[in-house]
Amino acid sequence: METKFLELKDTSKSFGKVSALDRVNFFIKGEPEIVALIGDNGAGKSTLIKIISGVHPPDSGEIHIQGEKVDHWSVAKARAVGIETVYQDRALVLQQTIARNIFMGRERTGVLGFVKGRSQLAEANRLMRTIGFTSKVFASDSVVAKLSGGERQGVAIARALYFQADLMILDEPTTALSLTESEKVFDFIRRAKESGTSCIFISHNIYHAYDVAERFVVLDRGKVVLETDRVHTTAEQLVKDMQEIARCNREGSA
Amino acid sequence: MAALERKPKSQGLSQEFTRPRRGITDFLDKNRRALSALLVFVILMLVFVIANPKVFLGTDIYEAVFASLPIRIVLVLPLVFVIVSGEIDLSFVSNMTLSLWAFAATAKAGWNPFLSALLAVSVGGFVGLINGLLVTRVGLPSLMTTLGMNFLLQGLAIGGAGTVGIPLTFLEGTPFYNTFVGRIGNLPAQMVWALVFLVVATLLFNYHKFGSHVCCVGDNPESSREMGIQTARVKTLAFVYVGMAAGIAGVLYGLIYGVFFARFKTGETMLAVLASAFIGGTPTWGGVGTMVGAFFGACTVRFIQTGVIEAGLTGFWTQFFNGLIILLALAAHKLHEPRYRY
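Residues numbered from 1 in each chain as written. Chains lettered and ligands numbered in written order. Predicted model: local features only at pLDDT ≥ 70, side-chain atom pairs only at ≥ 80, totals over all residues.

Trainee: Could you give an account of the overall build of chain B, naming the residues involved and the relevant values?
Mentor: Secondary structure summary: chain B contains 15 helices and 4 strands in total. Its C-alpha atoms give chain B a radius of gyration of 22 Å, within 12% of the compact-globule value 20 Å for 342 residues. Relative to its full complement of 342 residues, chain B shows a buried share of 49%. Restricting the contact set of chain B to residue pairs at least 6 apart, pairs at least 24 apart contribute 78%. (Helix = DSSP H or I, 4+ residues; strand = E, 2+ residues; numbered from the N terminus. Rg over C-alpha atoms; globule rule 2.2 N^0.38 Å. Buried ≥ 20, exposed ≤ 12 C-beta atoms within 10 Å, placed from the backbone. Contact = placed C-beta atoms within 7 Å.)

Next comes the structure, spelled out in structure tokens:
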């Protein structure tokens, strides 16, 4: 059996009396893959990715990285093993160049702390190419504010690649983006995968998710209720499954 | 906005992510703030030359202006760092007075003037450190904090030194004096130092990690923090930089005018330096700014004072033209520079 990059075993988390996650098992393969986390509001998607990125410590359960059990999981440890979160607000500085955004806080510096501008520009150009960002109008010395929402997300994704992320977590990367813009973002994600980075993303839109992800994990009220992949289901089937889950919920609570 | 060209899937990574260089257009676009500040200055000078060619094509007026202009330049460049970081400092002029007091008192007491100057820069830097800590660690708004600090330091200087000045004319002709405010031909040495200061500030702002962080922090502090920039440290350093510059400016003032006096025109200098920063093309909202622009901004404001009189108007019109130029310059910057919002 191949070694999984990440595995969560029997992971539970509650906030006060509210159980956010209940004995969840989740994994990311050793090979790069794109996984969509689907579920209604309050299903536990955000809690799950916050546990993976080290923001919340789980109440119980085990976290394995490359087959090894890790203790005292934290943001710093997650980053150290190559898990990068692309924040929903994208953590960009709009009036600065693409290159400065990619390197902010981790500049390439030479003598006396002077920034190696050319080397940063070249690397930024390479990263933007890697995720498939091509443009006749923009280059890495262009200001981010001039980019569209999807393109800005691209800058954040390129930055995660620079940090040599093995796993990139995107929390609703296409919120507030138009269809074509969302398409761009998915293209960036596909490219990131081609270059060797796995990706977990949260989406409300099943059609979107089906478009880009290979595996789907459906959460409902803190439990994984469905795990499937593109080979075994269609977008329509997935929608039906979701409706079924919602129906069961209504009947269950009625 | 031009749409991004999406690449057909079949094409690999070979496609370049570079746009064709447009040479001069690129240069204009990247330096538009500095260039428009230069333009304002050039137009102003043209008007003055036309109004009074005899004076403005001679060298005397430039010698006179270049004697005191360096003080403004030394003050405005670090101030732009603070403004770009999203804060403001209104205490630099009284900090200058305090630092000069430290310089004058110790130099008069027989200290080596180089050592006294070092003390002045340390005093200035220390005040900047306190400003920075009050703003970043205690969380006070910089506008009010530094305004309060301005009164505090001014009061300290007046209360401590009284209205009796300390003459510094005894320094004239010493190696210290000649190094900093002597003459190189007809050019006041302090102007050369101001240009050195401009080069250092430009290197820091455009090419150093510190300048990069200042821009990021002023642009969006939350994003900067998330990406691991120590925002409090960056802002504090910017305040220290202004403070140290106030120390340098204080010593220059003492040497140029030959006296320390606790009650000099605090308000006027402060407003002139602030105006220089904004006329120089640095916007008020943080994240972006320009050193070269601030340099020309300082030139513009300084030349208005002399130019209005030389152009044949009475000195009473100086403030009017100062105001007019500020408004025109801000309108000009606004035209080509939309503010990006989050």
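Having seen it, we continue.
Trainee: Describe the overall build of chain A, and please don't skip the residues or the numbers.
Mentor: Along the backbone of chain A there are 8 helices and 10 strands. What you see for chain A is a C-alpha radius of gyration of 19 Å, in line with the 18 Å of a compact globule of 254 residues. Principal-axis analysis of the C-alpha atoms places the extent of chain A at approximately 65 × 40 × 40 Å. Counting over 254 residues, chain A shows a buried share of 46%. Taking all contacts inside chain A whose residues are at least 6 apart in sequence as the whole, residues at least 24 apart take part in 71%.

Trainee: Can you break down the sheet that holds strand 10 (residues 223-229) of chain A residue by residue, with the values?
Mentor: Residues and elements named next belong to chain A. In space, the 6 strands of this open sheet follow the order 6-7-8-3-9-10, with mixed pairing throughout. Pairing within the sheet leaves two strands with one partner each, and these edge strands are strand 6 (83-86) and strand 10. When the angles between neighbouring strand axes are averaged without regard to direction, this sheet yields 20 degrees. Note: strand 3 (residues 34-38) against strand 9 (residues 215-220), 4 bridges, orientation parallel. Residue pairing across strands places Val-35 opposite Arg-215, the latter belonging to strand 9. Running at roughly 155 degrees to strand 8 (residues 198-203), helix 6 (residues 179-194) makes contact with strand 3, strand 7 (167-170) and strand 8 of the sheet. (Pairing = 2+ DSSP bridges. Axes fitted to C-alpha atoms, helices over the stretch in contact; angles between N-to-C directions.)

Trainee: Account for the interface of chain A and chain B, with residues named and values stated.
Mentor: On the side of chain B, 29 residues touch chain A, which itself brings 34 residues to the contact. A breakdown of the residues in the side of chain A that touches chain B according to their chemical character gives 14 nonpolar, 12 polar and 8 charged. (Nonpolar A, V, L, I, M, F, W, Y, C, P; charged D, E, K, R; others polar.)

Trainee: Help me get a handle on the pairing of strand 1 (residues 6-15) of chain A, residues and values and all.
Mentor: Residues and elements named next belong to chain A. With 5 bridges joining them, strand 1 and strand 4 (residues 60-65) adopt antiparallel strand pairing. Bridge assignment links Ser-12 to a residue of strand 4, and that residue is Ser-60. Across 7 bridges, strand 1 lies against strand 2 (residues 18-28) in antiparallel orientation. If you follow Lys-13 over to strand 2, its bridge partner there is Leu-21. Between the end of strand 1 and the start of strand 2, which pair antiparallel, lie 2 residues, with Gly-16 showing a positive phi angle near 60 degrees.

Trainee: Give me the lowdown on the pairing of strand 3 of chain A, citing residues and values where you can.
Mentor: Residue and element names in this part refer to chain A. With 5 of 5 residues buried, strand 3 is to be regarded as a mostly interior element. Across the two faces of strand 3 the burial is the same, with Ile-34, Ala-36 and Ile-38 and Val-35 and Leu-37 all buried. With 5 bridges joining them, strand 3 and strand 8 adopt parallel strand pairing. Counterpart to Ala-36 in the pairing with strand 8 is Phe-201.

Trainee: Which residues make up the environment of Ile309(B), and what are the values?
Mentor: All names here are of chain B. Within the secondary structure, Ile-309 sits in helix 14 (residues 291-310). Accessibility expressed as a C-beta count within 10 Å gives 16 for Ile-309, which makes it partly exposed. Each C-alpha atom of the pair Ile-309 and Ile-279 lies 21 Å from the other, and the pair is 30 residues apart in sequence.

Trainee: Residues and numbers for unusual backbone geometry, please.
Mentor: Among all residues save glycine, negative phi is the norm, and among peptide bonds the norm is trans. Residue and element names in this part refer to chain A. Phi is positive for Arg-23, close to 45 degrees, though the residue is something other than glycine. Looking at the element boundaries, Arg-23 is found in strand 2. A positive phi angle, close to 45 degrees, is found at Arg-221, a residue other than glycine. Its place among the elements puts Arg-221 in the loop between strand 9 and strand 10. In this structure Arg-221 comes out as partly exposed when scored by C-beta crowding, with 18 C-beta atoms within 10 Å.

Trainee: How would you explain the confidence of the model for chain A if you had to name every residue and give the values?
Mentor: Counting all residues, the mean pLDDT for chain A is 88, and 98% of those residues have values of 70 or more. When mean pLDDT is taken per element in chain A, helix 3 (residues 98-103) of chain A scores highest with 94 and helix 8 (residues 235-253) of chain A scores lowest with 83. (pLDDT = per-residue confidence, 0-100.)

Trainee: Any chance you could break down the nonpolar core for me, citing the residues and the numbers?
Mentor: Counting residues in hydrophobic clusters, the biggest one holds 173 residues, and the most contacted among them are Ile157(A) and Val74(B). A per-element tally of this core places helix 12 (residues 231-257) of chain B first, with 16 residues. Apart from the residues within four sequence positions on either side, Ile157(A) is in contact with Val86(A), Ile131(A), Met168(A), Phe188(A), Ile189(A) and Ala192(A). (Core = buried A, V, L, I, M, F, W, Y, C linked by C-beta atoms within 7 Å.)

Trainee: Lay out the packing of helix 6 (residues 113-136) of chain B against helix 12 of chain B in plain terms, naming residues and giving numbers.
Mentor: Residues and elements named next belong to chain B. Two elements in contact, helix 6 and helix 12, have axes whose closest approach is 7 Å; the angle formed by their N-to-C orientations is 150 degrees. The pairing of helix 6 with helix 12 is recorded here as roughly antiparallel in orientation. Taken as a pair, helix 6 and helix 12 cross one another with a handedness that is right-handed. (Parallel < 35°, antiparallel > 145°, perpendicular 65-115°, else oblique. Left-handed = near helix turned anticlockwise from the far one by under 90°.)

Trainee: Tell me about the environment of Glu181(A), and please be specific about residues and values.
Mentor: Along the chain, the position of Glu181(A) falls in helix 6. Ignoring any residue separated from it by four or fewer positions in sequence, one finds Glu181(A) in contact with Ser148(A), Gly149(A) and Gly150(A).

Trainee: Could you give me a rundown of the sheet that holds strand 2 of chain A, with the residues and numbers involved?
Mentor: Residue and element names in this part refer to chain A. Across the sheet, 4 strands lie side by side as 2-1-4-5; this open sheet has antiparallel pairing. The open sheet has two edge strands, strand 2 and strand 5 (68-70), and neither has a second partner. Here the average twist between neighbouring strands, direction ignored, is 30 degrees.

Trainee: Which residues make up helix 5 (residues 149-162) of chain A, and what values go with them?
Mentor: One turn of an α-helix holds 3.6 residues; hence residues three or four places apart share an orientation. Residues and elements named next belong to chain A. Its 14 residues place the ends of helix 5 20 Å apart at the C-alpha level, agreeing with the 20 Å of an ideal helix rising 1.5 Å per residue. Within helix 5, 12 of the 14 residues are buried, leaving the element largely enclosed by the surrounding structure. In this structure, the buried residues of helix 5 make contact with strand 6, helix 3, helix 4 (117-130), strand 7 and helix 6. Looking one or two places after helix 5, you find Gln-164, whose phi comes out positive at around 55 degrees. (Expected span 1.5 Å × (residues − 1).)

Trainee: Outline the packing of helix 4 (residues 60-84) of chain B against helix 13 (residues 266-279) of chain B, supporting the account with residue identities and numerical values.
Mentor: Residues and elements named next belong to chain B. Here helix 4 crosses helix 13 at 60 degrees, and the two axes come no closer than 9 Å. As the angle between them shows, helix 4 and helix 13 are arranged oblique. Where helix 4 crosses over helix 13, the two elements pack in a sense that is right-handed. Residues Arg-72, Leu-75, Val-76, Leu-79, Val-80 and Ile-83 of helix 4 touch helix 13, and the partners they reach there are Ala-272, Val-273, Ser-276 and Ala-277. Here the residues of the contact of helix 4 with helix 13 sort into 8 nonpolar, 1 polar and 1 charged.

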